[in-house]
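Architecture and fold: a report
Now for the letters of each chain:
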Amino acid sequence: TYLHQIQIDVKENQKIFVNIPDYKAAAVRILVDGKSTGIIAWPPNCVDITEFIKDGKPHTLGVEVLGHRRNSHGPFHFYQKYPQWTGPYQFVAEGEEFCHQYQLVPFGLMKEPEIIRYTVE
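All of the points below concern the structure found in this document. (Residues numbered from 1 in each chain as written. Predicted model: local features only at pLDDT ≥ 70, side-chain atom pairs only at ≥ 80, totals over all residues. Heavy atoms only, no water.)

Okay, the overall build of the protein chain next. Broken down by element type, the protein chain carries 2 helices and 9 strands. Reading the helices (α) and strands (β) of the protein chain from amino to carboxyl end gives β-β-β-β-β-β-β-α-α-β-β. At 19 Å, the protein chain has a C-alpha radius of gyration far larger than the 14 Å of a compact globule built from 121 residues. Taken over the C-alpha atoms alone, the protein chain extends approximately 65 × 25 × 20 Å along its principal axes. Within the span of the protein chain, comprising 121 residues, buried residues form 35% of the whole. (Helix = DSSP H or I, 4+ residues; strand = E, 2+ residues; numbered from the N terminus. Rg over C-alpha atoms; globule rule 2.2 N^0.38 Å. Buried < 20%, exposed > 50% of the residue type's maximum accessible area, 1.4 Å probe, protein only.)

Below, the structure written as structure tokens:
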């Protein structure tokens, strides 16, 4: 979980969103002061946090990256880093399909989260 202190003045006709522009994970959960405000699993990568923000009060914004088992369970030595299919055969690759190097995939936030302010009419 990435933590960041925020302090936002919200006007009556505004909505405040957290945007996660790029991440490598199964999903991302957004928290404000430890309370879950929503989960991002596909575009648009935004969560409305307006109801959790008190005007002018400092808050802790949490961005929890929800993992997958790829880097902990494999397949680690299959020659294709991103196979179309993963089954038992990819975990016991042999011959030309075996790679000595571990095939780990990127994980985490790839770009900094953004706070977006929308005016609602």
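Look at any regular strand and the pattern is simple: side chains alternate between the two faces of the sheet. Of all 6 residues in strand E4 (residues 27–32), 5 are buried, a share of seventy percent or more. Strand direction decides the pairing type here: E4 and strand E7 (residues 58–66), joined by 6 bridges, are antiparallel. Paired with Arg29 across the two strands is Glu64, which belongs to E7. Here 5 bridges tie E4 to strand E5 (residues 35–40), and the two strands are oriented antiparallel to one another. What sits directly across from Arg29, in E5, is Ile39. (Pairing = 2+ DSSP bridges.)

Note on placement: Gly38 falls in strand E5. Along the backbone, Gly38 and Ile116 are 78 residues apart, and their C-alpha atoms lie at a distance of 15 Å. Setting aside chain neighbours within four positions, we find Gly38 in contact with Val28, Arg29, Ile30 and Val47. (Contact = heavy atoms within 4.5 Å.)

A few words on the sheet that holds strand E6 (residues 46–48). One open sheet accounts for 3 strands, arranged E6-E2-E9; its pairing is antiparallel. On the outer flanks of this sheet lie E6 and strand E9 (114–119), each paired with one strand and no other. Neighbouring strand axes in the sheet, compared pairwise and without regard to direction, differ in orientation by 30 degrees on average. Bridge analysis of strand E2 (residues 14–19) against E9 gives 6 bridges, and the strand direction is antiparallel. Paired with Gln14 across the bridge in E9 is Thr119. (Axes fitted to C-alpha atoms, helices over the stretch in contact; angles between N-to-C directions.)

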